[in-house]
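# Geometric and topological summary
Spelled out, the chains give:
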Amino acid sequence: MIVCVCNNISDREIRQAVDLGLSSMAELRRDLGVATCCGKCASCAKQVLNEHLDSKIHATELSFRSVQTA
């Protein structure tokens, strides 16, 4: 889905940016231009960012636990 209409940025692009190392709204603004025009997308962009960061942390914890039990 398109999160930032002004700059045509999708939730997928935000998740890809997180996968490449971005971890804050300031970085999304700087690198993707999210929430730099009208700002109406800021809350949705932040939600996508935080959810993807949380899912990466959870996946890492599960991987770590699997290695410990082996």
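The present account deals with the structure reproduced in this document. Along each chain, residue indices are assigned from 1 in the same order as the chain's sequence is written. Local features in this predicted model are restricted to residues of pLDDT 70 or higher, and side-chain atom pairs are both shown and tallied only at a pLDDT of 80 or more, whereas totals for entire chains, interfaces and linings draw on every residue. Each side-chain value is worked out from all heavy atoms of the structure, with water and hydrogens disregarded.

Once that is clear, we can look at the overall build of the chain. When you go through the chain residue by residue, the secondary structure sums to three helices and two strands. Here a strand is any run of E in DSSP of at least two residues, a helix any run of H or I of at least four, and the numbering for each starts at the N terminus. N-terminal to C-terminal, the α/β element order of the chain is β-β-α-α-α. Only protein chains enter the calculation, and the probe is 1.4 Å; a residue is then buried if its accessible area is under 20% of its type maximum, exposed if over 50%, and partly exposed in between. When burial is assessed residue by residue, the chain has 27% of its 70 residues classed as buried. Two residues form a contact once any of their heavy atoms are found within 4.5 Å. Counting contacts in the chain only where the partners sit at least 6 residues apart, residues at least 24 apart contribute 51% of the total. Accessible surface, the chain: about 4,800 Å² in total, of which carbon and sulfur atoms supply 55%. Computed by Shrake-Rupley with a 1.4 Å probe, the accessible areas treat only the displayed protein chains as cover when residues are assessed.

Once that is clear, we can look at the environment of C37. Structurally, C37 is set in the loop between helix 2 (25–32) and helix 3 (42–69). Between the C-alpha atoms of C37 and C4, which are 33 residues apart in sequence, the distance is 9.2 Å. Once residues within four sequence positions are removed from consideration, C37 is found in contact with C6 and N7.

Turning our attention to helix 1 (residues 11–19). Among the residues making up helix 1, those that are buried are D11, I14, A17 and V18. An end-on view of helix 1 places all buried positions within 120 degrees of arc, on one side of the element. Within this analysis, the arc is defined by the directions that extend from the helix axis to the C-beta atoms.

The backbone of N8 sits at a positive phi, close to 55 degrees, despite the residue not being glycine. By the element assignment, N8 lies in the loop between strand 1 (2–4) and strand 2 (9–10). In this structure N8 comes out as exposed when scored by relative accessible area, which is 52%. In this model, A35 sits at a positive phi of 60 degrees, which is unusual for a non-glycine residue. With respect to the element layout, A35 can be found in the loop between helix 2 and helix 3.

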